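# Remarks on the overall topology
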Amino acid sequence: MNRNKEKTRPNWLDLPESLTVSVLSRLEVIEILKTAQKVCKTWHRICKDPMMWRTINICDIWVYSDSTSWHKKAKKMEKICRHAVYRGRGNVVDISLENLGSDGLLWDITNRSKKIRRLGLVLPNITHNGLSLVASKLPLLEELELSYSAYTTEALEAIGRHCPLLKALKLNKRHDIPYVWDGCKLARRHHHYQVFGSKKSSKGLHDDGVALAIAGTMHCLQKLQIFGNKVTNVGLQAILDGCPGLESLDLRRCYNLKVEGYLELRCLQRIKQLRLPDDYTDDCELVSTDEIVTNYTGLLIKIERLYDVIILEPIEHYSFPSKSKRLR
């Protein structure tokens, strides 16, 4: 029986090369570099083809424990990312990073890849200055996501000026300081995060800077998501005036808005896909990492998907995932 099974077992090396390329291109970066390219010479040759690296996706990375282990892991992942970009030989057009990124890494990526059309940054340790400096290196950028990321109106204006082809923008839950996964800093500064995204925390906080930056520089936008922002009706009016081609607008959890009367009518007439502040959020995944754990002073720091960002609670109340799950 075993011999018969071996005879009927498919030989992956007999696949047409085009099909092999299609299969390998669906693997994650780490899987290609650590495993797939080592299977055989054919796969190694395919994995070194620059066209295999047009899309780079490094997501679902657990960052946990104390700051020392985080820095080691971050450096290792940045090295992998740089190697993937190098493999692309300037052909990278789509890059997504989660729980990963620094000003230096972003600078290196944009220096080596001048054809980037989509950039997604979720929970990066990137400053608004770092974002502003690379804006001029992204002239072909069409889609940008900044979730739980540091950005200012100046950074958004720089992107708007230097990226004239930008058509889609996602801004989800800004924070005003760079993310440093250090328990001490998070415990002291968690109030920076709690001011966005809930009705209770948004009361009395108004800021149309982001909306005015978008309206003033991003005139070709077709899709815009500003989840959990402090924008008011003034900012929304400016966006409608400054972005005449806007077709999709997501304003969920922007609780300073009062979309009613003439403003509501204008949105309904102009926007094909409209999500209002109180619309349900079940279909929106802002962050793929549900929890970030630190052992600082016996506190568990969690980032809850969609909700009010940071919660501090005693570590003894938490059941830790297995090591394999944390490193998946």
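What you are looking at is a predicted structure, and each value in this text was computed from that prediction instead of being measured. (Residues numbered from 1 in each chain as written. Predicted model: local features only at pLDDT ≥ 70, side-chain atom pairs only at ≥ 80, totals over all residues. Heavy atoms only, no water.)

### Some details on the nonpolar core
By size, the foremost hydrophobic cluster in this structure holds 68 residues, and its most contacted members are I95 and I214. When residues of this core are assigned to their parent elements, the largest contribution, 5 residues, is made by helix 5 (residues 67-88). If near-sequence neighbours (up to four positions away) are discounted, I95 is found in contact with I56, C81, V85, I109, I116, R118, L119 and G120. (Core = buried A, V, L, I, M, F, W, Y, C linked by side-chain atoms within 4.5 Å. Buried < 20%, exposed > 50% of the residue type's maximum accessible area, 1.4 Å probe, protein only. Helix = DSSP H or I, 4+ residues; strand = E, 2+ residues; numbered from the N terminus. Contact = heavy atoms within 4.5 Å.)

### Side note on the sheet that holds strand 6 (residues 223-227)
With respect to topology, 8 strands assemble into an open sheet ordered 1-2-3-4-5-6-7-8, the strand pairing being parallel. Where the open sheet ends on each side, the last strands, each with one partner, are strand 1 (55-58) and strand 8 (273-275). Recorded for the sheet is a direction-independent mean angle of 5° between the axes of neighbouring strands. Bridging between strand 1 and strand 2 (residues 94-98) involves 4 bridges; their strand directions are parallel. The partner of I56 across the bridge, within strand 2, is I95. (Pairing = 2+ DSSP bridges. Axes fitted to C-alpha atoms, helices over the stretch in contact; angles between N-to-C directions.)

### A short note on helix 12 (residues 209-217)
Within helix 12 the residues assigned to the buried category are V210, A211, A213, I214 and A215. Residues of helix 12 that are buried sit in contact with helix 8 (153-162), strand 5 (168-172), strand 6 and helix 13 (233-242).

### Considering the pairing of strand 5
Across a regular strand the side chains alternate sides, sitting on one face of the sheet and then on the other. Of all 5 residues in strand 5, 4 are buried, a share of seventy percent or more. Where strand 4 (residues 143-147) meets strand 5, 5 bridges bridge the pair, whose relative direction is parallel. Bridge pairing in strand 5 links L144 to L169. At this point the chain moves from strand 4, through helix 8, to the parallel strand 5, and the crossover so formed is right-handed. In the sheet, strand 5 pairs with strand 6 via 5 bridges, with the strands oriented parallel. Looking across to strand 6, one finds that L171 is bridged to I226. (Right-handed = clockwise from strand over helix to strand, strands pointing away.)

### Description of the side chain of R87
Residue position: R87 is located in helix 5. Despite its burial, R87 pairs with no opposite charge, the nearest such side chain being D49 at 10.0 Å. In terms of polar contacts, R87 uses its side chain to reach the side chain of Q37, at 2.7 Å. Once residues lying within four places of it in the same chain are set aside, the contact partners of R87 are L33, Q37, C47, K48, P50 and W53. (Lys, Arg positive; Asp, Glu negative; His and termini not counted. Salt bridge = Lys/Arg side-chain N within 4 Å of Asp/Glu carboxyl O. Polar contact = N/O pair within 3.5 Å; in protein donor to acceptor, adjacent residues only side chain to side chain.)

### Focus: the packing of aromatic side chains
For any pair of aromatic rings, geometry is given as the distance between the ring centres together with the angle between the planes. Per the stated rule, a full pass over the model turns up 0 aromatic pairs. Against the face of W107 rests K137, its NZ or CZ located 4.3 Å from the ring centre. (Phe/Tyr/Trp six-rings, centres within 6.5 Å; stacked < 30°, edge-to-face > 60°. Lys NZ or Arg CZ within 6 Å of the ring centre and 35° of its normal.)

### Re the environment of K170
Turning to its location among the elements, K170 is positioned in strand 5. Put simply, K170 and E143 are 27 residues apart on the chain and 8.3 Å apart in space, counted from C-alpha to C-alpha. Not counting residues within four places of it along the chain, the set of residues in contact with K170 comprises L144, E145, L146 and Q225.

So, to be careful, I would describe these as geometric facts and stop short of saying anything about function.
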